[in-house]
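The residues making up each chain are set out below.
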Amino acid sequence: MNPKMKYLLDAYEEKKIEIKNKLEQLRKTWNKDDKGIFAELCFCILTPQSKAEKCLEAITNLERIGVLFNGNENEIKDYLVGVRFKNNKARYIVKTRDYFSCDCKIKIKDKININDIVATREFFAEEKGIKGIGYKEASHFLRNIGLGYELAILDRHILNNLNEYGIINVDINKLSLTKNKYLEIERKMRDFSNKINISMGELDLLFWSMKT
């Protein structure tokens, strides 16, 4: 076994309990009501090119005071402190909220097919009424609500690790993550996951813990 792979497996053994506990904690998120699940989706709308801590702080404040569920774009934008492209993202949240609204209530959970997570991800990534969500954000959203543990969240941290371990060989700065390219890299990550007997969800958190 090469030293790099040994380091990865040793790191997993060291962090395994913490990682499994985190995934178990995420599973409980599915018990939230529709507003809570919608808030998780909005968090993922905010995350591209922004720090997760700032996005979480913004969503927590918006949810707490109710602006997330009934505020206009300008009201939402004012709470996106430290979030990049806040004008666009405030607009995405309002448009997406409108899409999931029915009789003045948010209805999102019935759009999530827990028996077909792949199709559910495609719906969230491809549906034109849902703004600011691609395959990465849709995968992130499903993971955050306790689903989609066999999906890959291909952000820069994960792509860098996949490069480092020889799973892919791409120039991340020039990489265009089209749907087909995303699914191709995801398949390679899944094959690697199966080979080393660490689930995709665990491998994702392991890579994150090693880089951050």
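See the structure shown above.
The text that follows walks through the structure, step by step, so that each part is easy to find. (Residues numbered from 1 in each chain as written. Predicted model: local features only at pLDDT ≥ 70, side-chain atom pairs only at ≥ 80, totals over all residues. Heavy atoms only, no water.)

1. Here we look at helix α10 (residues 179–196)
Owing to its 3.6 residues per turn, the α-helix aligns residues three or four sequence positions apart on the same side. The terminal C-alpha atoms of α10, which comprises 18 residues, lie 26 Å apart, in line with the 26 Å expected from a rise of 1.5 Å per residue. Those residues of α10 not exposed but buried are Tyr182, Ile185, Glu186, Met189, Phe192, Ser193 and Ile196. Buried residues along α10 cover an arc of 120 degrees about the axis, so they all sit on one side. Pointing more than 90 degrees away from the buried face of α10 are the exposed residues Asn180, Asp191, Asn194 and Lys195. Along its buried surface, α10 packs onto α1 (3–27), α7 (117–126), α8 (135–144), α9 (156–164) and α11 (200–211). Directly after α10, the chain includes asparagine 197, whose backbone phi takes a positive value near 60 degrees. (Helix = DSSP H or I, 4+ residues; strand = E, 2+ residues; numbered from the N terminus. Expected span 1.5 Å × (residues − 1). Buried < 20%, exposed > 50% of the residue type's maximum accessible area, 1.4 Å probe, protein only. Arc of directions from axis to C-beta. Contact = heavy atoms within 4.5 Å.)

2. Here we look at the packing of helix α2 (residues 34–46) against α8
The geometry of α2 relative to α8 is characterised by a closest axis approach of 9 Å and an angle of 145 degrees between their N-to-C directions. Every pair of crossing elements has a handedness; the one defined by α2 and α8 is right-handed. Residues Ile37, Glu40, Leu41, Phe43 and Cys44 of α2 touch α8, and the partners they reach there are Glu137, His140, Phe141 and Asn144. Across the contact of α2 with α8, the residue classes tally to five nonpolar, two polar and two charged. (Axes fitted to C-alpha atoms, helices over the stretch in contact; angles between N-to-C directions. Left-handed = near helix turned anticlockwise from the far one by under 90°. Nonpolar A, V, L, I, M, F, W, Y, C, P; charged D, E, K, R; others polar.)

3. Points about the environment of isoleucine 198
With respect to the helices and strands, isoleucine 198 occurs in the loop between α10 and α11. In sequence terms isoleucine 198 and lysine 16 are 182 residues apart; their C-alpha atoms lie 9.7 Å from each other.

4. With respect to a positive patch on the surface
Positive charge collects at one region of the surface, where Arg91, Lys95, Lys128 and Lys131 lie side by side. Inspection of the secondary structure puts arginine 91 in helix α6 (residues 86–100). (Patch = residues over 30% accessible without salt bridge, like charges linked within 9 Å, V, L, I, M, F, W, Y side chains within 5 Å. Areas by Shrake-Rupley, 256 points an atom, 1.4 Å probe, with all protein chains shown as cover. Salt bridge = Lys/Arg side-chain N within 4 Å of Asp/Glu carboxyl O. Lys, Arg positive; Asp, Glu negative; His and termini not counted. Charge placed at Lys NZ, Arg CZ, Asp CG, Glu CD.)

5. As for the nonpolar core
Leu68, Ile108, Phe124, Phe141, Leu154 and Leu162 are the most contacted members of the largest nonpolar core, which has 65 residues in total. Setting aside residues up to four positions removed in sequence, isoleucine 108 forms contacts with Asp34, Ile37, Phe38, Leu41, Phe100, Phe124 and Phe141. (Core = buried A, V, L, I, M, F, W, Y, C linked by side-chain atoms within 4.5 Å.)

6. Here we look at the pattern of salt bridges
All told, the structure shown has 12 salt bridges when counted by the stated rule. Across the pair lysine 6 and aspartate 10 runs a salt bridge whose closest N-O atoms are separated by 2.7 Å. With lysine 6 and aspartate 10 both in helix α1 and four residues apart, this pair spans about one turn of that helix. Accessibility expressed as a relative area gives 40% for aspartate 10, which makes it partly exposed. Between glutamate 122 and lysine 179 there is a salt bridge, with its nearest N and O atoms 3.1 Å apart. You can see glutamate 122 sitting in helix α7 and its partner lysine 179 sitting in helix α10, a full 57 residues away along the chain. Exposure remark for glutamate 122: the relative accessible area of 35% places this residue in the partly exposed category. Assessed through its relative accessible area of 31%, lysine 179 is described here as partly exposed. Through salt bridges with shared partners, a single network forms among Arg121, Glu186 and Arg190.

7. A closer look at the layout of surface pockets
Summary: where empty space remains is shown by rolling a probe the size of a single water molecule over the atoms. Considered as a void within the structure, the largest pocket measures approximately 1700 Å³ in volume. Going through the elements one at a time, α1, α2, α3 (52–65), α8, α9, α10 and α11 are the ones with two or more residues in the lining of the largest pocket. The dominant element in the lining of the largest pocket, judged by the number of residues it contributes, is α1, at seven residues. Of the residues belonging to the lining of the largest pocket, the class tally is 19 nonpolar, 14 polar and 15 charged. (1 Å grid on protein atoms, 1.4 Å probe; cavity = no way out; pocket = protein on both sides within 12 Å on 5 of 7 lines; lining within 4 Å. Points joined across faces, edges and corners; volume = space filled by probe spheres on them.)

8. Brief notes about the packing of α2 against α6
Taken N-terminus to C-terminus, the directions of α2 and α6 make an angle of 150 degrees; their axes are 10 Å apart at the nearest point. When the axis of α2 is compared with that of α6, the two are roughly antiparallel. Judged by the twist between their axes, the crossing of α2 over α6 is right-handed. Of the residues in α6, those touching α2 at Phe38, Leu41, Cys42, Ile45 and Leu46 are Lys89, Tyr92, Ile93, Thr96, Arg97 and Phe100. Here the contact of α2 with α6 is built from residues that sort into eight nonpolar, one polar and two charged. (Parallel < 35°, antiparallel > 145°, perpendicular 65-115°, else oblique.)

Coordinates in, geometry out; function isn't part of it.
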